[in-house]
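Here's the letter readout for the chains.
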Amino acid sequence: GAVVSQHPSRVICKSGTSVKIECRSLDFQATTMFWYRQFPKKSLMLMATSNEGSKATYEQGVEKDKFLINHASLTLSTLTVTSAHPEDSSFYICSARHRDPSYEQYFGPGTRLTVT
Amino acid sequence: RKEVEQDPGPFNVPEGATVAFNCTYSNSASQSFFWYRQDCRKEPKLLMSVYSSGNEDGRFTAQLNRASQYISLLIRDSKLSDSATYLCVVGSFQKLVFGTGTRLLVSP
């Protein structure tokens, strides 16, 4: 199957700092990438849908000024958590979808963010 | 009401047992249905798509009942390696909505 990478896999940062997470589709072009967040023992929650070259679409309740998403190319999307707080500590997972409209998404390995 | 509901479990079964998971979804306009598997602290991985006609992949059988908005997964001859969380996932308007997952523990 298609490969999606995320970097970093784990990050610890201090409250008030910003953290950038990268999501790359390694062997295909992804016109759409998705960012999810998963708290312990909870389901994956979609945060935003990112289309290459356009602004991301955020889900209700997700602050776009806090979670900055950039999808500058067909193989890279970034999520920046600005002014992180301990409650932002979570597992952030991206996924990427092929050009063709479909539901099949390929997930990255996730980034575990801990804000102290 | 949650869009996708699952029994969180855990289901504790011995090796070789047959186990079934159920899932209900609330959006009748949903178009695609999947079962994903997620191991602890890992990303979800697609296990199988689910069709109204039912589909089988080795020891795994998935079924969809659109009228009842109900999805099932049957695992036969459970293996230790089947221990994981099984996520019911529903696709609507090009987005995936995940259930909280059902945890399965297979013991020797």
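That block above? That's the structure.
Residues numbered from 1 in each chain as written. Chains lettered and ligands numbered in written order. Predicted model: local features only at pLDDT ≥ 70, side-chain atom pairs only at ≥ 80, totals over all residues. Heavy atoms only, no water.

Asker: Tell me what's going on with the overall build of chain A, and back it up with residues and numbers.
Answerer: A tally of regular secondary structure across chain A gives 0 helices and 11 strands. The linear arrangement of helices and strands in chain A, starting from the amino end, is β-β-β-β-β-β-β-β-β-β-β. Over its C-alpha trace chain A gives a radius of gyration of 13 Å, about what one expects of a compact globule, namely 13 Å for 116 residues. Once the C-alpha set of chain A is aligned to its principal axes, its extents read approximately 40 × 25 × 25 Å. By residue count, 50% of the 116 residues in chain A fall in the buried class. Here the contacts in chain A between residues at least 6 apart in sequence split such that 55% fall between residues at least 24 apart. When the accessible area of chain A is evaluated, it comes to approximately 5,800 Å², of which 51% is carbon and sulfur surface. Put simply, chain A has 13 plus and 10 minus side-chain charges, and the middle of one group is 6 Å from the middle of the other. (Helix = DSSP H or I, 4+ residues; strand = E, 2+ residues; numbered from the N terminus. Rg over C-alpha atoms; globule rule 2.2 N^0.38 Å. Buried < 20%, exposed > 50% of the residue type's maximum accessible area, 1.4 Å probe, protein only. Contact = heavy atoms within 4.5 Å. Areas by Shrake-Rupley, 256 points an atom, 1.4 Å probe, with all protein chains shown as cover. Lys, Arg positive; Asp, Glu negative; His and termini not counted. Charge placed at Lys NZ, Arg CZ, Asp CG, Glu CD.)

Asker: Before we move on, could you go through the sheet that holds strand E1 (residues 4–6) of chain B and cite the residues and values that matter?
Answerer: All names here are of chain B. As summarised here, the arrangement of the 5 strands in space is E1-E3-E8-E7-E6, forming an open sheet in which the pairing is antiparallel. Both edges of this open sheet fall to E1 and strand E6 (55–57), since each of them pairs with a single strand only. Sheet twist, expressed as the average angle between the axes of neighbouring strands with direction ignored, equals 20°. Here strand E7 (residues 60–65) pairs with strand E8 (residues 70–75) via 6 bridges, running antiparallel. Looking at the pairing, Leu64 lines up with Ile71 of E8. (Pairing = 2+ DSSP bridges. Axes fitted to C-alpha atoms, helices over the stretch in contact; angles between N-to-C directions.)

Asker: Give a description of the interface of chain A and chain B that names residues and reports values.
Answerer: Of the residues lining the interface, 21 residues belong to chain A; the matching set on chain B comes to 20 residues. Between chain A and chain B the total buried area reaches about 1,600 Å² when both faces are included, carbon and sulfur atoms providing 54% of it. Inspection of the region where chain A meets chain B yields 1 salt bridge. With its nearest N and O atoms 2.7 Å apart, the salt bridge here joins A:Glu59 to B:Lys95. Joining chain A to chain B, the criterion identifies 2 residue pairs in polar contact (both at pLDDT 80 or more). (Buried area = accessible area lost by both parts, 1.4 Å probe. Salt bridge = Lys/Arg side-chain N within 4 Å of Asp/Glu carboxyl O. Polar contact = N/O pair within 3.5 Å; in protein donor to acceptor, adjacent residues only side chain to side chain.)

Asker: For unusual backbone geometry, give the residues involved together with the corresponding values.
Answerer: Residues and elements named next belong to chain A. Residue His7 is joined to Pro8 through a cis peptide bond whose omega torsion reads 0°. With respect to the helices, strands and loops of the structure, Pro8 is situated in the loop between strand E1 (4–7) and strand E2 (10–13). Phi is positive for Lys41, close to 60°, though the residue is something other than glycine. Positionally, Lys41 belongs in the loop between strand E4 (32–38) and strand E5 (45–51).

Asker: Talk me through the packing of aromatic side chains; I want residue IDs and the actual numbers.
Answerer: Applying the stated rule across the entire model yields 12 aromatic pairs over all chains. Ring centres of A:Phe34 and A:Tyr36 lie 6.5 Å apart, and the angle between their planes is 40°; this geometry places the pair in the tilted category. The same class applies to A:Phe34 and to A:Tyr36, which are both buried. Clustering of aromatic rings is evident, with ring pairs tying together A:Phe34, A:Tyr36, A:Phe107, B:Phe34, B:Tyr36 and B:Phe98. (Phe/Tyr/Trp six-rings, centres within 6.5 Å; stacked < 30°, edge-to-face > 60°.)

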